[in-house]
Each structure stands twice: as C-alpha cells, then as structure tokens.
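Residues per chain, in single letters:
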Amino acid sequence: MTSVTTRAPAARRTSSALLLTVILAGQFMAVLDVSIVNVAAPTMRTDLGATGSGLQLVISGYTVAYAMLLITGARLGGLLGYRRLFLIGLAVFTAASLMCGLAPSTGVLIAFRLVQGAGAALMVPQVLSLIQVTFDGASRGRALGVYATVISVGAVVGQVLGGLLVTADLFGTAWRPVFLVNVPIGLALLAVGARTLPAVHVRREQGLDVPGLVALSLAVCLLVVPLVLGHEEDWPLWGWVAMGLSVLAFCAFLLVERRAAHPLVPGRLLRAPGVAAAASGIFLVMAAYGGWLFAMALHLQGGLGDSALRAGCLFIPAAGAFGLTSLNWKRLPARLHRPTMVASAVVTAAGELALAAALSGGGHGEPLLEISFAVIGAGMAGTFSPLMAVALARVAPADAADASGLLAMMLQLGQVVGVAVFGTLFLSLAPSAHAATVTSLWLAAVSLAAGGCALPLLRTRWTSEQARR
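Residue positions within a chain follow its written sequence, with the count starting from 1. Only residues with pLDDT of 70 or above have their local features reported here, since the model is predicted, and side-chain atom pairs are shown and tallied only from 80 upward, although totals for entire chains, interfaces and linings are computed over all residues. For the side-chain quantities, the full set of heavy atoms in the structure was used; hydrogens and water were omitted.

Draft legend 1. Just the packing of helix α2 (residues 16-48) against helix α9 (residues 182-196), in detail. As a rule, the C-alpha atoms of each element are fitted with a line to give its axis, helices using only the stretch in contact, and angles between N-to-C directions run from 0 to 180 degrees. Comment: elements are numbered from the N terminus, with helices defined as DSSP H or I runs of at least four residues and strands as E runs of at least two. At their nearest, the axes of α2 and α9 sit 10 Å apart, and the two run at 150° to each other. Taken together, the axis directions place α2 and α9 in an arrangement best described as roughly antiparallel. Of the two elements, α2 crosses α9, and the hand of that crossing is left-handed. Only Asn182, Ile185, Gly186, Leu189, Val192, Gly193 and Thr196 of α9 make contact with α2, whose side of the interface consists of Leu18, Val22, Ala25, Gly26, Met29, Leu32 and Asp33. For this classification, the nonpolar set comprises Ala, Val, Leu, Ile, Met, Phe, Trp, Tyr, Cys and Pro, the charged set comprises Asp, Glu, Lys and Arg, and every other residue, Gly included, is treated as polar. Residues belonging to the contact of α2 with α9 are distributed by class as follows: eight nonpolar, five polar and one charged. When an angle is under 35 degrees it counts as roughly parallel; over 145 it counts as roughly antiparallel; between 65 and 115 it counts as roughly perpendicular; any other value is oblique. Crossing chirality is assigned from the near helix's rotation relative to the far helix, an anticlockwise turn below a right angle marking it left-handed and a clockwise turn marking it right-handed. Any pair of residues with heavy atoms lying within 4.5 Å of one another is described as a contacting pair.

Shown next, in the form of structure tokens:
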C-alpha cells in the first residue's frame, strides 16, 4: 500500500523559485565537486606525491560512493521525508568537504571523498523527487530544464573556479580551497533549507534492499578498481580476474533483485515506457562526459602546459552551449523532441571528431578547440535533457523516489566508468601526442552509442501514435 502526499501546505507557501534555488544549489555543489577536483588534480599530484591511479581514486572514490548509495538515498527519502534526507546529506557533505580540505595525505583524502560521496547520495536524489512531486505540467518541464543546466554549469564552473583557486594559491594552501569552498556554502544552505524546504514525501510500506546494495556495490568495485589501478600496476593478473568476477557479481545482483521483497530497482519502474532505454542512454552520455572532462584536464595542463585557470576557462564555451540547449530544446515543435536526442548524439560525435582533428597536430588547435568544445556541450545537452524528461514523464509520483535514484545512479555510474575507462586509456597512451586524439575518437563512438539507445524511444512514439489513429 502506498499513499502519496502530493503537496503539503508548506509547499504551497514556499515560492517555487526559492525551492528550486535551495535544492539546486545543493545539486550544484555535488556536481561542482567532481569537476573542481578534476582541474586541481595535477597540483594534488605534485603536492601530495599522488600517482595517476591515486588521482583517479580521489575523483572516482567520490562518484563510486555517490552512485552506489543513490537509490538507497532515494528510498530513504521516500520513507523518512525528502526534506530531512536533503538536510542530513548536506550536513554530511559539508563536514566531509572540510576534512578533505585538511587531508594530510592521498589516502586520507580518498577516505573522506568516500564520505563526501555518501553525503551527496543522501542529498541529491531528493532534488529530483521534490521537483517530481512539487511541480507538474509545463512547470515541471521548466524545472527539469534548469536542473539539467545546473548540472552542466556546475561542471564547468568547477573547472573555472578550481583554476582560480589553485592559481591564487591562497595562503599557500594550493589545492585545498577547492574543498573548503563548500563549507560556507553548505552552512548557508543548511540554515535556509531548514526554514524553507517543504515536508513533502511519499510514505511507503517498503524496506531497504541491503543485499541488492551490497551485490551492486561489489560488482561496480570489481570493475572500476582494476580499471583505475591497472595502468599503474602494469595490468596484473588480479585485475583481469576481478573484472571477470564483476560479470558474475552483476549476474548475482540480478538474481538477488528477482527474489527481493523490496528490490533496489523495482521491475514496474523498468517497465515504465522509456525508462530503461533512457537510463542506458544517460549512462553512456555521462560516461563520455566524465571521460572527456578528465582526459582534457590532464591533457591541457600536463600535455600542453596550460595553467589551471586557462585550462578551466577553455571549458566555458561548452558550459554556455550546454546551458542554452538545456533551457531551449523544448521550444522545438513537439514532434521533434525525441528525434532531437538521436540528432544531438550525432552532433556530439561530430564535435569529438573535430576535437581529435584539432589536437592531432600536438598543439591546442585553436580556434577549432573552443568550437569543438561548444559543439560537444550542445550535443550532450540535446541528448541528456530530453532523455531525462522522457524517462520521468510517465513515472507516477509514488515512484518518484525510485525513479530519481535510478536515473541519478546511472548518471553518476556513467561518470565513474567514463573516468576509469577513458582516464586509463589516456594515461596508457600519454605522453604520446596522440593520446588526446585517440581518446577523442573513442569518445565519439560512445556518444553515437548513446544515440542508439534513444532509437527505441522513437519507435515507441511512432507505434503509439499509429495506434491512436
């Protein structure tokens, strides 16, 4: 039995703009903390003596914990209240950010990055859940457009802000302010959120799926850790064994889910029109996105010798294009919304091919570099934003928490796998001048695969319209 509270009186008294500002500011911080660390990675390497795999674990450790606990965070939001879980997650995230900024070694930094990711996993699913149950119709579409824009802007602002903070070297603290900047923002959001967030949630007679969580976490770790450490360790036998075992662990996860009383991913959610295809597409888009950010940050600073600030600023065209596309794609005629997903994937691939050409000479290849970044940003937004909207369009409010957790998990897992796979590819080829070019070519292939995931959505749309005739 599931009872749904659609809008509490507090939600009506709180302005939509203020609600979005508070929850998207939390989302912004969670996204910021992936890219802001990206651009600071070379400085961390020097200051802490970190290895390439250590840097990947600093970045991926956050996203692994984040991704693994997202559905559980969403489920807890449905059980205990979206407002309460948002504030708890924000508090954990803020405290962990402080400890990351004070970390004396790579190992300690990785440990607190895991805690930081857990805090983000409690906080972030409540964002989509609150949007899903508080907004409807056109207002929900606009809120989701702003949500997508915040994701892209947060990523690129992280690159620029990280560059500014690292270059400024405040009080000789080098990379530490990239974490410490979260502390005053987090404290301010806690104060405002405690007063303004509405107590809107879905009450469920549904428990947590601990066996499913353990099985999925094991499967992902068996896949990601060997990918991250393999290059530094010269691809030892244990890594290949672990990756093989990850396949068995994923199969075990599927078996556990079939028998679970309260599965991590309910079957009815995957059977909802468009959800499975959209989730797969989101995973591949974000894999290309995460790999692109990581590889380009290392190439620009390590391969081409750019400062952290200059490297960060080069991503501004991508952020602008992503933001403009996310906010305006719905202006197209409705019949073009779903074809836009496939066309945009092709645009992204074209941008990545142009980037490969720009970097093939061993230099920046300007202005083709900035143009290709802008094309990549627009193409990724044109695929990601409609996929998110399609996936949530037919999800009932009662399933908002699980849908939010599933999509957010696929988003974060995509970035984890992207950093692991494309980071490893780039590091394996570096310092060859062709490392960035080859990586860009593979990114183009993954972007086209994301467009392929959207093709069933076109077929479903056409069949349903034909049936109505």
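Draft legend 2. Quick look at the packing of helix α13 (residues 275-303) against helix α17 (residues 368-393). Orientation of α13 relative to α17, taken along the N-to-C sense of each, is 155°, at an axis distance of 9 Å. Classed by the angle they form, the pair α13 and α17 counts as roughly antiparallel. The crossing of α13 and α17 is left-handed. Along its contact with α13, which presents Val275, Ala278, Gly281, Ile282, Val285, Met286, Ala288, Tyr289, Trp292 and Met296, the element α17 presents Phe373, Ile376, Met380, Thr383, Phe384, Leu387, Met388 and Ala391. Tallied by class, residues from the contact of α13 with α17 come to 16 nonpolar, two polar and no charged.

Draft legend 3. Focus on the side chain of glutamate 352. Topologically, glutamate 352 is positioned in helix α16 (residues 337-359). Partly exposed residues are those whose accessible area sits between 20% and 50% of the maximum for their type, while under 20% is buried and over 50% is exposed, using a 1.4 Å probe and protein chains only. Within this scheme the basic residues Lys and Arg register as positive and the acidic residues Asp and Glu register as negative, but His and the chain ends are omitted. Salt-bridge detection follows one rule: a side-chain nitrogen of Lys or Arg within 4 Å of a carboxyl oxygen of Asp or Glu. We note that glutamate 352 is buried and unpaired, the nearest opposite charge coming from arginine 310 at a distance of 20 Å. Polar contact criterion, stated in full: a pair of N or O atoms within 3.5 Å, where within protein one must be able to donate a hydrogen and the other to accept it, and residues adjacent in sequence count only if both atoms are side-chain atoms. Reaching out from glutamate 352, the side chain makes a polar contact with the backbone nitrogen of alanine 444 at a distance of 3.2 Å. Apart from residues no more than four positions distant in its own chain, glutamate 352 is found in contact with Ala288, Ile376, Met380, Ser440, Leu443, Ala444 and Ser447.

Draft legend 4. Region of the structure containing a nonpolar patch on the surface. Think of a patch as exposed residues, more than 30% relative accessible area, with no salt bridge, where like charges cluster within 9 Å and nonpolar side chains (Val, Leu, Ile, Met, Phe, Trp, Tyr) cluster within 5 Å. Reported accessibility uses the Shrake-Rupley method at a 1.4 Å probe radius. Residues are deemed covered only where the shown protein chains occlude them. A cluster of nonpolar side chains, namely Trp235, Leu237, Trp240, Val241, Leu245 and Leu248, defines an oily patch on the protein surface of about 640 Å² accessible area. Here tryptophan 235 shows up in the loop between α10 (210-230) and α11 (237-259). Overall, the relative accessible area of 30% leaves tryptophan 235 in the partly exposed class.

Draft legend 5. Fine view of the environment of methionine 44. Along the chain, the position of methionine 44 falls in helix α2. Among the residues examined, methionine 44 registers a relative accessible area of 1% and is labelled buried. Taking the C-alpha atoms as reference points, methionine 44 and glycine 54, separated by ten residues in sequence, lie 9.8 Å from one another. Among residues more than four places away in sequence, those in contact with methionine 44 are Val37, Gly49, Ala50, Leu55, Val58, Leu109, Trp175, Val178 and Phe179.

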